[in-house]
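Residue-level listing of the chains:
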Amino acid sequence: MDASSGLATQPEHPPTPRSGATGDPHHDDHGHDHHELPFWRKYIISTDHKVIGIQYGISGLIFLFFGFSLMMLMRWQLAYPGQTIPVIGNLLERMFGSGAVDKGVMSPEFYNSLGAMHGTIMIFLGIVPIAFAAFGNFVVPLQIGAPDMTYPKINMASYQAFFVGGVIMLISFFVPGGAAKGGWTSYTPLAVISDKGPTYDPFWNGQTLWLVGFIFLITSSLLGAVNFIATIIQLRAKGMTWMRLPFFVWAQFVTAFLLLLAFPPLESAVVMQLMDRVAGTSFFLPSGLVVNGAPLHVSGGGSPLLWQHLFWFLGHPEVYVLILPGMGIVAEVIANNTRKPLWGYKSLVFAALVLGFLSFIVWAHHMWLTGMGSVVSAFFQTTTMIISIPSVIILSAFFISLWGGSIRFNTPMLFATAFLPMFGIGGLTGIPLAFNSADLYLHDTYYVIAHFHYIVAPGTIFAVFAGVYFWFPKATGRRMSEFWGRVHFWPSLICMNVIFLPMFLQGMLGMHRRWYDGGHGWNLAGEKVWGLSGFEWNTPISIAAWTMGLAQIPFIINFFWSIKHGEKVGINPWQATTLEWTAPSPPPHGNFDVTPTVYRGPYEYSLPGRETDFTMQSEPLTDSDRKAYEAAAAAGVH
Amino acid sequence: MEIPYTVTARPDTGLWNAKVGIWLFLASEVMLFGGLFSAYVFLRLDADPGLWPHGLLNVPVGTMNTAILIASSVTVVLAWAALKMRRYRAYWWYMLITILCGVIFLVVKLAYEWPQKFDHFGAFIKPDKLEKYEQYLGNHHLAERGLPPRSEISGHLHNKEALNDPNAKEYEIALDPVNADPANPNMDRPHFLYVPPTDKLAAIEKEDVERISSFGPWHSAYFASYFTITGLHGAHVLGGVLIFIYMWLPVSKRLYRQNPEHLANRVEVAGLFWHFVDLVWIFVFPLFYLL
Amino acid sequence: MSSLALINELIGMPPNASEHGYQIDAIIEFSHWFMGVLFVGWSAFFIYVLLRFRRSKHPVADHEGVKSAILTHLEFAVVLIEAVLLIGFAIPLWAKRVNSFPEDKDAIIVHAIGQQFNWNFHLPGPDGVFGRRSIELVSNSNSLGLDHNDPAAKDDLIVTGTLHVPKDRAVIIELSSKDVIHNFALPSMRIAQDAIPGSVIPMWFKPIKTGEFEVVCGQLCGLGHYSMKGQLVVDEPAAYQDWLKEQASLAASASAPPAAERPPGEPPVGPTPGTIPPPGAPKTANPSGAPDGKPGEPPQAPSPAATPH
Amino acid sequence: MNETEEMMPADGHAVPDDHAAHNVAKHVRKYLLVGATLITFTAITVFLSYVNFGTMKANVAVAMLVATFKAALVATIFMHLSNEKRLIYRILVFTAFFVLGLFFLTYLAWYDPVTR
Ligand code: HEA
Ligand code: HEA
Ligand code: CUA
Ligand SMILES: [Cu+2]
């Protein structure tokens, strides 16, 4: 498997050749309307979709890493409960106070904070900003041949809102009582009454800041979503018809709609919970609560389930927000590295749309055990089953796309291929969860944890890595080291599975989530399975998780090193067909020297009877092409 | 670098960018208020029958505000029409009226309606003490009429200091008509004109009171949703007013000179937002004031 | 149906101890078979393709790729199987769970009330009538606010942490909560249900094995969540009667407040960090019936012996 | 309003020759009419709220009916939905579907609890 086989180090000859197509980052200012800008205008408050995309990407990766670090702490507590955290134990105590870490031992509150914030940060500050905002911002306008987003200023505002939200989330670690402890789901009443001790400060406490931060994050996502949809609708280049859009653009389009329509109900719920915490309302507090043996003096008359409905109304679409961009990236990488068109492009697009549509009417499958009658549960079980079909279609289409290809295994392709079975495992294990009779047993166990981590961690994160390696040359004009890419890939793949496979076993034993003691207090966790008892499995898992951390070092170094010192490449190093590869790398303000015109579909690889095995979307049709397409249309292919 | 279709419509969609954007934004707004309203429905269905507060708001004022918002909606379209017909002066006047309407709406809400609620108190009597206050609650009559019992005695709290004074023994409340004359069936019906508390004083012992609170958001699920939804709506009104002020200031004249169609588009977009705010109020008004 | 439970056993599902449990096991088993087949099938295809069509082996890709309609067939098969699992198993199973509760007369009815961080059980006593509970009466000595003036409450029993039930008799548990949402999960009985403050939700099962079973709190409920452990002891009917008598006599001499009480305000204490035995530490079985996961006391180390086989 | 004192925009003529402007002129009376109708119906709602239609459900239904009618007027006339581009209808149809789902399903979930 020759790594750099497909890597053209000489610039290709695109329809619109350009002199300064070297990777020198200072070229990215050949704006048509203005010249040298001060640094802060160019990189801090820029309205250029590429800069904003990169801002999102870097911040997202850092948050991702931060969320990962939180989890590595949790893994210590799970593997060696109640033992002093080595090396950084005292440091943590000084940072977060003895309420969180006492003599190097983490407290239950702190563990819950870590869990909740790990989930929140990974999803809302890690994956969404990277997979949706970063790649979306950088790639989509380029792929549809647009000069920028429709509303550049709103785009900038979106990033700034995200940034503020993120900062608020971080601050919340350092307020009295620590960050939010109610899980990323913030179920009420727990979330409403948390921190409400005698020293309760209505604003400076973890849960309230979590809510405030969320309002910013939601605003950011909404602004982004509006921008994406409008851009894709309005700014497609001449000839870029809907059915010529790269699948990645379709994925982003559906994702944007999910955010646009699913986030607002959560925003309303967040506002209500905020009212509950600061204005003394009781939207989510029923009458007659007795906390710590003392009756709670609130008006009552609220409903805890109301929160769950509004949260999961976002919650489920959100999970497809996490996976769809990943699928989009994988689609691009696979098509490019199998050197053949994606199989069943139409059905892929259709499946993505159906997926988006259905994801709005399945949310109660997270609430099977809240006392749901047979009618409603039958409805939601059915919709949940149906929604798994489009996923099967998408994944199967990817698998079949491999057939007949000439697969080159460069780093992006390695991550993309790994994505398929990993998502497969995660997705398939969603099926038993979808039957609420089976979920009776599996609910809230590590089986659920394993289910979704298989999708988001070795799934989405791998897709993200694939995307980073794939579009890095476009953003910088240089590419990341193939060798270190492999050093990054294989350990990551192995660790991911060592981490998450055993969690299925733990879940089947009945070990539950959010257990501070990792199951040591429980007989059911003492049962042996495959040689180790349920809680003994925590140790290998944790070790793998830390090794995973080490495995990221090559990536981080490779990433930053390559920005300046990576091997220079031409504007189309992967010999890809989509429009972004016709723009100079890095593309200037305004992207294209000559606004491209599109003549053909996105994945015209290995067209018979050509000297190159790829044909750019912007390459005019020859007569032979025309005949070929007509023949194909007649034969009903494409 | 020029972004296409900011003023002229894209041929195949027939729309200019901002038009697409505002409608997408409004779609998300629909979901936002949809969430709040579904919460309202959810809580109201959950509430024990008959105990959902009723007729506590000032209907004439609410009606007036509704009329004002509708009027402002009219003036916004007229302003836009004026621009289309290139009558800047008319546009300027219509815009001014719109802004004034918005401001009046907000003032009425924040300076009149809300404060009125905050110094109106209700005391919830403990279940086992209800009998003692029968003269104010009239639960026997309610029972005869097949209505659920009530536990709240409301009105003007004379001795506010009693609220957080530990050795104060009782609350003095100037009763609302409902409690002043509980046996009278047409007292617990909402009245079109706001009926002030009577001068009939009631002394209520503190330890008989489960909870006493002003008619603020903490009073009940009803007021919680009332304040949250009208608050959020008010925020939208404020936003709209600010945008309109910007479009009304001289800067707009400059844009008008360069490219009147562009200004017209902006006004149309802002107007769409304003109409939506109006539209939300059209549902808020009956749900909270009338039902 | 242990004949079926291959995968379940393989991946460590503990033995079932309730009448309906085998159905739950069956649906999990079936779906795992279904998933397994899909997974193995696809993986085989996957690996074969990766090897056969790698560039060094297959330098020139063909533009068309697969033309056959296998995918549609595959989809159809998947849809079919999912439909069978859904309509044939899942939906009727749940309907049975929630629509056909046993008659009161041939069931044991218990009120279980969750609180941070333990379970309180309220038994009606011989008269079979539950006494009135109201939060006005909640106090340190009366955690559930049972109204002792209510004649029905005279013979009621309040037990904390551990509940005994007889074998082969349906148990109906009416779940509610005092503070936050908990979840009354009985893995070995294949039953679980959220305990949601402000509402009372019934659940039922029929134990078919004697022994001690752990009650897990399956919903994050605060810092003591991980130690919120209840105990379900399934006795032979005779032993169960003895337990009732014992409890009754205890209640009669109701002096000491229930073990689970703590003065209001004082934060609930989970196991103090550091007292949790490291992996491989000697395991001691639970003294039978001792209320487990009692705040202030570190949860006992697990003991494989405690769950019967 | 006097045309001559109108300020001329850059593009020269006070009224652009595209017929859109003329249509607009025609619409103005309609806008005023709709405004009047809306205010009348506000009055009607208030009046109806003092009429008891038997059950609470009925009262709510009536009030919501009137409100929906008013909302429809605003949307179709003021917001020009009576003749918009297909794209916008598409967006709104989806939104409407999901918001109804939100209402209906939360209602169902509340309506069908586990009891015995
Ligand atoms: C990106 C994230 C993501 C995705 C895509 C999914 C996809 C699915 N999820 Fe998951 N889910 C989560 C993230 C995700 N989920 C999260 C975060 C939670 C927990 C939330 C919390 O409580 O904290 C959760 C929880 C969760 C629950 C609640 C469990 C519980 O709390 O008790 C349920 C129940 O129905 C469920 C079901 C499903 C189903 C049916 C799918 C389906 O869409 C899956 C469809 C996919 C397939 C069917 C795979 C098809 C592939 C093939 C057929 C090819 C196979 C090939 C090979 C293996 C080589 N999920
Ligand atoms: C997108 C979502 C996401 C992701 C990616 C992850 C990733 C991981 N998660 Fe997380 N997790 C959640 C979402 C996620 N998780 C959620 C929602 C919960 C539930 C929370 C709750 O209970 O409320 C949870 C809970 C959860 C638990 C259960 C805790 C408990 O219930 O007590 C555990 C336990 O092991 C865990 C582990 C892990 C591990 C080992 C990873 C690993 O896969 C981590 C892998 C991460 C990386 C490899 C990042 C590498 C980053 C870089 C390399 C950046 C490079 C930086 C630069 C270039 C600047 N997670
Ligand atoms: Cu109770 Cu968790
Ligand atoms: Cu889901």
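The rules we used
- Residues numbered from 1 in each chain as written.
- Chains lettered and ligands numbered in written order.
- Predicted model: local features only at pLDDT ≥ 70, side-chain atom pairs only at ≥ 80, totals over all residues.
- Heavy atoms only, no water.
- Near = heavy atom within 4 Å.
- Polar contact = N/O pair within 3.5 Å; in protein donor to acceptor, adjacent residues only side chain to side chain.
- Helix = DSSP H or I, 4+ residues; strand = E, 2+ residues; numbered from the N terminus.
- Nonpolar A, V, L, I, M, F, W, Y, C, P; charged D, E, K, R; others polar.
- Contact = heavy atoms within 4.5 Å.
- Buried area = accessible area lost by both parts, 1.4 Å probe.
- Salt bridge = Lys/Arg side-chain N within 4 Å of Asp/Glu carboxyl O.
- Pairing = 2+ DSSP bridges.
- Axes fitted to C-alpha atoms, helices over the stretch in contact; angles between N-to-C directions.
- Buried < 20%, exposed > 50% of the residue type's maximum accessible area, 1.4 Å probe, protein only.

A. Representation of the site of ligand 2. Residue and element names in this part refer to chain A. Among the 35 residues in the neighbourhood of ligand 2, the closest are listed as Arg75, Tyr111, His118, His453 and Arg514. A distance of 2.7 Å separates an oxygen atom of ligand 2 from a polar atom in the side chain of Arg75. Residue Arg513 places a side-chain N or O atom 3.5 Å away from an oxygen atom belonging to ligand 2. Contributing elements (two or more residues each) for the shell around ligand 2: α2 (49-79), α4 (108-144), α15 (446-476), α16 (482-509) and α17 (538-565). Here the residues of the shell around ligand 2 sort into 26 nonpolar, six polar and three charged.

B. Quick look at the site of ligand 1. Around ligand 1 lies a shell of 32 residues, among which A:Tyr320, A:Asp439, A:His443, A:His451 and C:Phe39 are the nearest. At the site occupied by ligand 1, the surrounding residues belong to chains A and C. Between a nitrogen atom of ligand 1 and a side-chain N or O atom of A:His451, the distance comes to 3.0 Å. Elements that contribute at least two residues to the shell around ligand 1 include exactly α9 (304-338), α11 (374-402), α12 (411-428), α13 (430-434) and α15 of chain A together with α2 (21-52) of chain C. With six residues, α11(A) is the largest single contributor of residues to the shell around ligand 1.

C. Fine view of the interface of chain A and chain C. Each side of the interface is counted separately: chain A has 109 residues, and chain C has 108 residues. Across the chain A to chain C interface the summed buried area is about 9100 Å²; carbon plus sulfur atoms make up 69%. At the boundary of chain A with chain C, the tally comes to one salt bridge. Between A:Asp613 and C:Arg55 there is a salt bridge, with its nearest N and O atoms 4.0 Å apart. Our count for the contact surface shared by chain A and chain C stands at 21 residue pairs in polar contact (both at pLDDT 80 or more). With 14 residues, the single largest contributor to the side of chain A that touches chain C is α11(A).

D. Highlighting the sheet that holds strand β4 (residues 201-205) of chain B. Residues and elements named next belong to chain B. An order of β4-β3-β2-β1-β5 is seen for the five strands of this open sheet, with the pairing classed as antiparallel. Of all strands in the sheet, those with a lone pairing partner are β4 and β5 (209-214), marking the two edges. On average, each strand axis in the sheet is tilted by 40° relative to the strand beside it, whichever way the strands run.

E. Inspection of the pattern of salt bridges at higher detail. For the coordinates displayed, the defined rule picks out 28 salt bridges over all chains. For A:Asp625, the salt bridge goes to A:Arg600, with nearest N and O atoms at 2.8 Å. Linking A:Asp625 in helix α18 (residues 623-635) with A:Arg600 in the loop between β8 (567-568) and α18, this pair joins segments that are 25 residues apart in sequence. Accessibility expressed as a relative area gives 6% for A:Asp625, which makes it buried. By relative accessible area, A:Arg600 is classed as buried at 1%. The closest approach of N and O atoms between C:Arg132 and C:Asp147, which form a salt bridge, is 2.7 Å. Of this pair, C:Arg132 sits in the loop between β2 (118-123) and β3 (157-160) while C:Asp147 is found in the loop between β2 and β3, placing the two residues 15 residues apart along the sequence. By relative accessible area, which is 13% here, C:Asp147 ends up buried. Overlapping salt bridges, with partners in common, bring together A:Arg600, A:Arg610, A:Glu619 and A:Asp625 in one network.

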